[in-house]
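Summary of structural features
Residue strings, one per chain:
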Amino acid sequence: MEGCDNCLAYGRVVEGKIVLPCQNCALENNWMWNGKRCYGVSVFVGNKEEATINELVQCLYFEIREREGIKEIAKKNNISLDEYCKTMIPEEARVYYDELNEHITEISN
Ligand SMILES: [Zn+2]
């Protein structure tokens, strides 16, 4: 529970202690921070607020999912891109991911 440069730059720090980490550190810490469920800082709001579960899913879906490196890892591990993406969000967020995915698929058809 140390935090990284991103935590210091984008997260919330109180008296030298990271009280709100970056999303990556939240993920690495199994979505727990200071003994509480934590989704990391929102990349959308930009005012050091904690991400909502929807923001977390949207960030993953619209930003991370599109990265070539992510597509390559999924391919290498022989799982679908969506299955791989869902390993990067907490269990309770996966239903939101599926809903968003369904919605996007629907409107793009
Ligand atoms: Zn961090």
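Residues numbered from 1 in each chain as written. Predicted model: local features only at pLDDT ≥ 70, side-chain atom pairs only at ≥ 80, totals over all residues.

Positive phi is not limited to glycine here, since glutamate 15 has a value of about 50 degrees. Tracing the sequence through the fold places glutamate 15 in the loop between strand S1 (12–14) and strand S2 (17–20). You will see that asparagine 34, though not glycine, has its phi angle at about 50 degrees, which is positive. Following the sequence through the fold, asparagine 34 ends up in the loop between strand S3 (32–33) and strand S4 (36–37). (Helix = DSSP H or I, 4+ residues; strand = E, 2+ residues; numbered from the N terminus.)

This next bit is on the pairing of S2. Pairing analysis gives three bridges linking S1 to S2, with the strands arranged antiparallel. What sits directly across from arginine 12, in S2, is leucine 20. In this antiparallel pair of consecutive strands, S1 and S2, the connection spans two residues, and glutamate 15 shows a positive phi of 50 degrees. (Pairing = 2+ DSSP bridges.)

Along the chain, the position of asparagine 54 falls in helix H3 (residues 53–64). Look at asparagine 54 and you get partly exposed, because 14 C-beta atoms sit within 10 Å. Note: C-alpha distance between asparagine 54 and tyrosine 96 (42 residues apart in sequence) is 7.0 Å. (Buried ≥ 20, exposed ≤ 12 C-beta atoms within 10 Å, placed from the backbone.)

In the contact formed by H3 and helix H6 (residues 94–108), the axes pass within 9 Å of each other and the chain directions differ by 55 degrees. With respect to H6, the axis of H3 lies oblique. Two packed elements cross with a definite hand, and for H3 against H6 that hand is right-handed. Residue-level inspection shows Ile53, Asn54, Val57 and Tyr61 of H3 in contact with H6, the latter providing Tyr96, Tyr97 and Leu100. Taken together, the residues of the contact of H3 with H6 sort by class into six nonpolar, one polar and no charged. (Axes fitted to C-alpha atoms, helices over the stretch in contact; angles between N-to-C directions. Parallel < 35°, antiparallel > 145°, perpendicular 65-115°, else oblique. Left-handed = near helix turned anticlockwise from the far one by under 90°. Contact = placed C-beta atoms within 7 Å. Nonpolar A, V, L, I, M, F, W, Y, C, P; charged D, E, K, R; others polar.)

Once that is clear, we can look at the domain arrangement of the protein chain. Along its sequence, the protein chain is carved into domain 1 (1–51) and domain 2 (52–109). Taken together, the residues of the side of domain 1 that touches domain 2 break down into six nonpolar, one polar and no charged. (Domains from an automatic or database assignment.)

Generally speaking, soluble globular proteins have nonpolar side chains that are buried together. Within the largest apolar cluster, 18 residues are counted, with the highest numbers of intra-cluster contacts made by Ala26, Tyr39, Leu56, Val57, Leu60 and Ile89. For this core, the element with the most residues is H3, which contributes four residues. Two domains each put at least three residues into this core: domain 1 (1–51) and domain 2 (52–109). Setting aside residues no more than four positions away along its own chain, alanine 26 makes contact with Pro21, Trp31, Trp33, Cys38, Tyr39 and Gly40. (Core = buried A, V, L, I, M, F, W, Y, C linked by C-beta atoms within 7 Å.)

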